[in-house]
Every structure is written in structure tokens, then in C-alpha cells.
Amino acid sequence: MHLTLQQLIALAAPVLLVAAVPNIQPRQAQKITVDLSRKYQTIDGFGFSAAFQRANLIVNLQEPKQSEVLNLLFNTTTGAGFSIVRNGIGSSKSSNSDWMNSILPECPSTPDGTPDYKWDGKDSGQLFLSQQAVKFGVKTFYGNAWSAPGCMKTNNNDANGGNLCGVSGTYCRTGNWIQAYANYLVKYIQLYAQNGVNVTHIGFLNEPDFSTSYASMQSSGSQAAEVIKVLRPTLDRANLVNIGINCCEGTGWNVANQHASQIISAGAENMIYAFTSHEYTSRVGSPMRTTRKVWQTEYCDLNGGWSTSWYSYGGAGDGFTWANTIFNGIVNSNLSAYIYWEGVQDRATNNNNNEKLILIDGQNYQVSKRLWAFAQFRDVRPGAVRVGTSGGSNLKSTAFLNTDGSIAVVIINSGTSTQSIGIGLTGSTLSNPTVNAYYTDNTHEASSQSVSIATDGTASASVPGRGMISFLIQAGARA
Ligand SMILES: *[C@@H]1O[C@H](CO)[C@@H](O)[C@H](O)[C@H]1NC(C)=O
Ligand SMILES: *[C@@H]1O[C@H](CO)[C@@H](O)[C@H](O)[C@H]1NC(C)=O
Ligand SMILES: *[C@@H]1O[C@H](CO)[C@@H](O)[C@H](O)[C@H]1NC(C)=O
């Protein structure tokens, strides 16, 4: 049934959804009230990357394992239901080590020379992954370059920092490569489109405050604005008017805010789709001051050894920790998207740490509970509007109104004991609703939780201590 919010409210009757907990002696049910009239940001989705050839781990899996992993990532009823894929746009001349090869391994001798693009039909495994994502209904593909090809840069190398030739403060013997870089990004988008994947967002920087031995390019926000002012009209001329420019992938929230304020000062804010931040050097904090959307586009626990725990003393790789991290970004920091770092990785890389959601070990795989923390947000579909919630002690709650009229309520139980929960909507509630719930804790992974709806519209569900529960409320069939 496809209902608008207005139709949904029209169907409503003054009945409270109240919890009754099976099998345990319930403490008093805590009421969470969803206020559909209090509207916040629009959600674009949740995602991950498989950059630096990690996607090849999925490419190389045999069936049925390959389908199992794809379902874990993208299936909206049995997996995390991810709705965004962040692909790395390669800048390296080769695929040595885990580098992402570029579609322009050699530049023409001058910036206005004809580029000799080379498309290998694989893009480090990311094309295959993206094509599979399309089959699951994923619509948001973020192409993000870590660097321009080295031949467009001050250091003539895609690694070790350096700047794009042509931005203020640079001098390059070969001239200004900003337009050539914009053309190159357009070519990447066109190649993906020819292969059945519509790139929706483009980023031309990654961690521009960090210089390292792999693909990296430095930029201030002011320099980024100079590129944006060329890239936007270049996209428009190529009929890519709906492609959003994201910027600037700073290593942390503080630097991301600096980039944003410089871009705003340079008058380029309205050419941005989303300001993007990572959380490594400083965590996502109070909302960024911008009219644009804000995405957290890369974070993970880089230090901990591989862990599949939901809760083990609150460790940085715990699923429960990630549930709170995602919740904080969306609810307290006005983010419209939360993107993990690697979706998959092997055992050898970085001493088998927690930077991946799924460990792919040859033909076997293991799933971390971090993936299930994301899965608890899987009914928050792209285009959902976050709405207000109130009530409940030791409960963190948030709710979203989806474009199909359904309501996703996401709750973290911060307490250590089981809680019964009653969900109500302000003023009125749905009559005859269909309510489904699922929960995750140490021994469950988005497991269906029984919700019985009594004749008076009462619904029941409970959430274990340090567990997470999500409700999907849909209008019932009309009598
Ligand atoms: C998701 O998983 C369910 C259950 O296995 C399956 O029926 C459905 O086809 C899957 N969805 C997609 C898009 O493959
Ligand atoms: C990609 O965009 C084209 C042109 O707008 C459209 O015809 C096509 O259906 C889209 N493909 C997918 C998989 O969304
Ligand atoms: C939240 O982000 C939206 C853009 O998505 C913006 O319009 C709104 O002002 C922001 N709210 C706060 C409190 O910063």
C-alpha cells in the first residue's frame, strides 16, 4: 500500500501502541512518542566502500558465498540494506599492491591535449560490485577520487600529497589542469553509465589535509572552491546536471568544518550537494553551519583486532559502539548519510583489524556485528525525513518518515536490562497498523521480534539490555 503522510494520518485513530513483553516479567513499559510534525533532515542513506581493490574479494568469491555476501550488504530484509556505495576513482598508473588504476595513466603533454582514456571494464572490482548493488535497488553511487592522476599534479605523483596544478599557490610548467581534471571526472561518470551504473555524486578530494604514501592530494577549502567552480559547469555542459558535488572528505570533523567555511566564503556553497567528513582526527560533533547536506563518508576502528562482538566492554569495534556512533551522527549532528570505510577486507591487510564489516578469507567469510548495527537502520530508506521522538529513560530513540508513508523507529537500549517499549504517535496513532520489529544483541542479528497487535491496536515488543530494536510501522489494510 502506498500512502502519503496525509493519508496515513487520516487513517489514524487515537490508539496507543503499548508493549507487553512475552516470557519476562515486564517492568513498566516505557513510552516513546513519535512526533511526525517535528521534521529534521532528509536521509540519503547508509553505505560503505570497497575501494583499493577490496571489491575484488567479492568478485573472486564462488557461489553461493558471493550471493550470500552481497545479500548481507544490500538485502533490505536479510542484510544491512545498504543504499550507498562509495567507489574510489583510481589515480594510479597500475594495479600494483592494492592501488586503484586510473582511466588516464598518461596525460597528454598539455592540459588541452586529447586525453587517451583507458577503460579496463573492471575498475578494481568496483564496477561488478556496483552492478550487483543496482540489482538490489541501490540508487546512490558516490565516485570519489583520492587524487588526480600524478601527471596533473605539482609533485607529478598521485601519491605523497601535492596539489592539483592550477589551484592558487601552485605553479606547474605544464599549465593549469583544473579543467582537464573536471573532464576526466565526467569521463568516469560516462563510463559507469555505459556499464549500467548511474553515478549520482562525485568527489574530487579525499583527506586533503593528509599526505601519505598512497593516492593523496592536498587542498584547502579555498582551493577546492576553485575546482568546484570549474567542475559544476563542466558537469552541466555534459548534461550531468543531477550529479551532486561532494566535498572535501577531511580526516575529521574540525577540518571538514574549515573546508566548508572556506567554500562558503568563496561563494561556492550552492554548487555543493553535501559537505563530507571522516571521523579519524576528530569525531562528528555539533551540526555544521551550512544549508547543504552533510555526510560522514569514512570511518572505522583502525586499531582493534578483528572482532565480531556486539558488546564487549564497549570496545571501538563493537557493534553496540557502532550503533551509538551512527545514531549520534544522524540524530545529534544532522548527517544525511553515514558511510563505513571498507565493507569487506582480507585477513592479511593491516593485521586483520576492524576496518571492514565482513572479513573475506579466501572462500570463507565472517560478519561483524558492526554490519548488524547498520542493519538496524535498514528500514530508513533514502528520502526518509527524520522526525521527533520523546520519552524513555536509558533509551535512545529516533524515527523516520519514509517516502512510502511507513515509519521506521530505531531504539538503542543503553541500560543493562530488558525493556518493554510502547510506541505512540503524537495526537493520534495508526489504526490497524502493521508493525514489524527486529533486534540485535550479543546473540541476535536483526532477528525478528514478535509484535502482536491487540484488537485495540496495541502492539508489543521488547529490547534486551544493551540491545537495539527497530520498528517498521506501516498502515494496515483498510477495512
Ligand atoms: C533478499 O533476501 C530474500 C530472502 O532470502 C530474498 O527472497 C530476496 O530475493 C532478496 N532480495 C534481493 C533483491 O535479492
Ligand atoms: C540511469 O539513468 C538513465 C538515464 O537517466 C536511465 O534511463 C536508467 O534507467 C538509469 N539506470 C538505473 C539502473 O537506474
Ligand atoms: C540540517 O541540515 C539541513 C540540510 O540537510 C539544513 O537545512 C538544516 O538547517 C540543518 N539543521 C541544523 C540544526 O543544522
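Note that the coordinates shown come from a computational prediction; the quantities given were computed from them, not determined experimentally. (Residues numbered from 1 in each chain as written. Chains lettered and ligands numbered in written order. Predicted model: local features only at pLDDT ≥ 70, side-chain atom pairs only at ≥ 80, totals over all residues. Heavy atoms only, no water.)

Asker: Any chance you could break down the overall build of the chain for me, citing the residues and the numbers?
Answerer: Scanning the chain from N- to C-terminus turns up 9 helices and 23 strands. For the chain, the C-alpha radius of gyration of 23 Å lies close to 23 Å, the compact-globule estimate for 479 residues. Relative to its full complement of 479 residues, the chain shows a buried share of 57%. Taking as baseline every contact in the chain between residues at least 6 positions apart, the subset at least 24 positions apart corresponds to 71%. When the 32 basic and 30 acidic side-chain charges of the chain are each reduced to a single mean position, those positions are 5 Å apart. (Helix = DSSP H or I, 4+ residues; strand = E, 2+ residues; numbered from the N terminus. Rg over C-alpha atoms; globule rule 2.2 N^0.38 Å. Buried < 20%, exposed > 50% of the residue type's maximum accessible area, 1.4 Å probe, protein only. Contact = heavy atoms within 4.5 Å. Lys, Arg positive; Asp, Glu negative; His and termini not counted. Charge placed at Lys NZ, Arg CZ, Asp CG, Glu CD.)

Asker: Break down the site of ligand 1 for me, with residues and values.
Answerer: The immediate surroundings of ligand 1 are formed by N71, N75, T77, T78 and F136. For ligand 1, the protein covers 37% of the area, taking 360 Å² as the surface of the free molecule. Its residues assigned to classes, the shell around ligand 1 shows 1 nonpolar, 4 polar and no charged. (Near = heavy atom within 4 Å. Areas by Shrake-Rupley, 256 points an atom, 1.4 Å probe, with all protein chains shown as cover. Nonpolar A, V, L, I, M, F, W, Y, C, P; charged D, E, K, R; others polar.)

Asker: Account for the site of ligand 3, with residues named and values stated.
Answerer: Residues in contact with ligand 3, as listed here, are P287, T291, R292, K293 and N334. The separation between an oxygen atom of ligand 3 and a polar side-chain atom of N334 is 2.3 Å. Protein contacts shield 53% of the accessible area of ligand 3, which totals 360 Å² for the unbound molecule. Looking at the shell around ligand 3, its residues break down into 1 nonpolar, 2 polar and 2 charged. (Polar contact = N/O pair within 3.5 Å; in protein donor to acceptor, adjacent residues only side chain to side chain.)

Asker: Give a detailed account of helix α8 (residues 319-332), specifying residues and quantitative values.
Answerer: Here α8 spans 19 Å end to end across 14 residues, near enough to the 20 Å set by a 1.5 Å rise per residue. Counting buried residues along α8, 11 of its 14 residues qualify, which places the element largely inside the surrounding structure. Immediately downstream of α8, the backbone of N334 shows phi near 65 degrees, a positive value. (Expected span 1.5 Å × (residues − 1).)

Asker: Summarise helix α7 (residues 253-265); cite the residues concerned and give the values.
Answerer: Over its 13 residues, α7 extends 18 Å from the first C-alpha to the last, a length consistent with the 18 Å expected when each residue adds 1.5 Å. Turning to α7, its buried residues number three or more, namely W253, V255, A256, H259, A260 and I263. Taken end-on, α7 shows its buried residues confined to a sector of 165 degrees, consistent with a single buried face. Where α7 is buried, its residues touch α6 (221-237), β7 (244-250), β8 (274-278) and β9 (293-298). Downstream of α7 by a residue or two, G267 has a phi angle that is positive, lying close to 80 degrees. (Arc of directions from axis to C-beta.)

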